[in-house]
Amino acid sequence: MSAAPGAPAGGPVDLRSDTVTRPTAGMRRAMAEAEVGDDVYGEDPTVNALEEEVAGLLGHEAGLFCPSGSMTNMLGVRTLVGPGQELLCDSLAHVVRAELGGHAALAGVTTRTWAAPAGLLDAEVPLAMAVPRAGPYLVSTTAIAVENTHNFGGGTVQPIAELQALRVATAAAGIAVHLDGARLWNAHVATGIPLDEYGALADTVSVCLSKGLGAPVGSVVVGDAERIAAARVWRKRYGAGMRQVGVLAAAGSYALAHHLAGLAGDHARAKRLAEAVAGADERWCDPAAVETNIVALEVPPGAPAAPQLAAEASAAGVLVSVLGPRRMRLVTHLDVDDAGVDRACEVLAGLVAGAR
Ligand SMILES: Cc1ncc(COP(=O)(O)O)c(C=O)c1O
């Protein structure tokens, strides 16, 4: 069976992101046939079922379906952190780098960051920075955000022992934890650790259906019933009260039922890409560090800058992301099959060898 069911035939191999997938024929059918109602009235049965399903998978009381992971992160965090209070996160975290300041602009949240190579969590670092209930002198830390897997870190899976240590110490200190689990599915498939074991280590968890799972849109934030009720109010206030949106939630439910196990194949294909690149020049990446579906590439000194290499790859039919002058990213997903990876390996290994 082809692993690229939604990709247009004959197109480039698109490794820019796992968000570029097209809904499969089966997913489109599920969307077309979804039972719907007005979700602002709480009457869309397909949305309600998805929210319940995701909350159940993560071991939380309630869930809220939203258009994006940025929104579920913002809603989760704002139920934990008040205006003028502090969220700690690592300096590569999506919440602080790629949500366009939304936490500050819309919720008055202040952030302080720590440096984490590859985004890897060492619980002692944020715990040493945290200042809960700081009185009138310092900003009070009310939550810590963790990203699993870590996007800009290169698909890093957070060690469960560090997440557990963070949970125990923050609970004792009265500090909440938000988990940006946009790709928690990948961590779950890579480690075999149950989703509810990860879920138990945070007060709010945001997960995306529109990344590796292949839905066209949609994220869910889970937490206790009170927090999710508050998040529902804020979602409407942000203008994202949606109506017969079961047509989108159906894609998410379909993705969970049909595409979760397939993430293991994405991980294997990412490893193959890393091995091909490192085989041409080992300075670019360490295949052993590739745990999930993301490969971070560092362009070594002497090679042309990342934008030029990306343009050359594109001309040869392989699309990659440029994350900095000397940093590139490859992401495998539902619309890249083994044949696509073979092609990408050949093109990228040739480019890397030529750039030595
Ligand atoms: C780790 C992480 N969190 C959150 C998001 C935000 O998701 P969205 O693009 O749906 O807003 C992304 C998007 O790529 C992500 O990688």
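Described in the following lines is the structure provided in the data block. Keep in mind that what you see is a predicted model, and the values were worked out from it rather than measured. (Residues numbered from 1 in each chain as written. Predicted model: local features only at pLDDT ≥ 70, side-chain atom pairs only at ≥ 80, totals over all residues. Heavy atoms only, no water.)

**Re the site of the ligand**
Thought 1: Close to the ligand lie Ser68, Gly69, Ser70, Asn73, His94, Glu99, Glu147, Asn151, Asp180, Ala182, Arg183 and Lys211, which account for all nearby residues.
Thought 2: In the environment of the ligand, a nitrogen atom lies 2.7 Å from a nitrogen or oxygen atom belonging to the side chain of Asp180.
Thought 3: Between an oxygen atom of the ligand and a side-chain N or O atom of Lys211, the distance comes to 3.0 Å.
Thought 4: If the ligand stood free it would expose 390 Å²; the protein chains cover 83% of that surface.
Thought 5: Here the element with the most residues in the shell around the ligand is helix 3 (residues 69-78); it accounts for three residues.
Thought 6: Residues belonging to the shell around the ligand are distributed by class as follows: one nonpolar, six polar and five charged. (Near = heavy atom within 4 Å. Polar contact = N/O pair within 3.5 Å; in protein donor to acceptor, adjacent residues only side chain to side chain. Areas by Shrake-Rupley, 256 points an atom, 1.4 Å probe, with all protein chains shown as cover. Helix = DSSP H or I, 4+ residues; strand = E, 2+ residues; numbered from the N terminus. Nonpolar A, V, L, I, M, F, W, Y, C, P; charged D, E, K, R; others polar.)

**Topic: the environment of Asn73**
Thought 1: With respect to the helices and strands, Asn73 occurs in helix 3.
Thought 2: Taking C-alpha positions, Asn73 is 36 Å from Ala315, a pair spaced 242 residues apart along the chain.
Thought 3: Discounting chain neighbours no more than four positions away, the residues touching Asn73 are Val95, Glu99, His103, His178, Asp180 and Ser206.
Thought 4: Here the side chain of Asn73 touches His178 through a polar contact of 2.8 Å, side chain to side chain.
Thought 5: A polar atom in the side chain of Asn73 sits 3.0 Å from the side chain of Asp180. (Contact = heavy atoms within 4.5 Å.)

**Looking at the sheet that holds strand 9 (residues 294-298)**
Thought 1: Taking strand neighbours across the sheet as the criterion, the three strands line up as 9-12-11 in an open arrangement whose pairing is antiparallel. The two strands at the open ends of the sheet, each matched to only one other strand, are strand 9 and strand 11 (321-324). The sheet shows a mean angle of 30° between the axes of neighbouring strands, taken without regard to direction.
Thought 2: Alignment of strand 9 against strand 12 (residues 327-331), held across five bridges, turns out to be antiparallel. In the strand pairing of strand 12, Leu297 is matched with Met328. (Pairing = 2+ DSSP bridges. Axes fitted to C-alpha atoms, helices over the stretch in contact; angles between N-to-C directions.)

**Here's the deal with the environment of Leu138**
Thought 1: For Leu138, the location among the structural elements is in the loop between helix 6 (124-129) and strand 5 (141-147).
Thought 2: Judged by relative accessible area, which is 56%, Leu138 ranks as exposed.
Thought 3: Separated by 88 residues in the primary sequence, Leu138 and Glu226 have C-alpha atoms spaced 29 Å apart. (Buried < 20%, exposed > 50% of the residue type's maximum accessible area, 1.4 Å probe, protein only.)

**So, helix 8 (residues 160-173)**
Note that an α-helix has 3.6 residues per turn; residues three or four places apart therefore point the same way.
Thought 1: Look at helix 8: 20 Å from first C-alpha to last across 14 residues, which is about the 20 Å you get at 1.5 Å a residue.
Thought 2: Of the positions making up helix 8, those classed as buried are Leu163, Leu166, Arg167 and Thr170. Taken end-on, helix 8 shows its buried residues confined to a sector of 100°, consistent with a single buried face. Across from the buried face of helix 8, at angles greater than 90 degrees, the exposed residues are Val168 and Ala172.
Thought 3: Elements that come into contact with the buried residues of helix 8 comprise helix 6, strand 5, strand 6 (176-181) and helix 10 (195-199).
Thought 4: Phi turns positive, to about 75°, at Gly174, one or two residues after helix 8. (Expected span 1.5 Å × (residues − 1). Arc of directions from axis to C-beta.)

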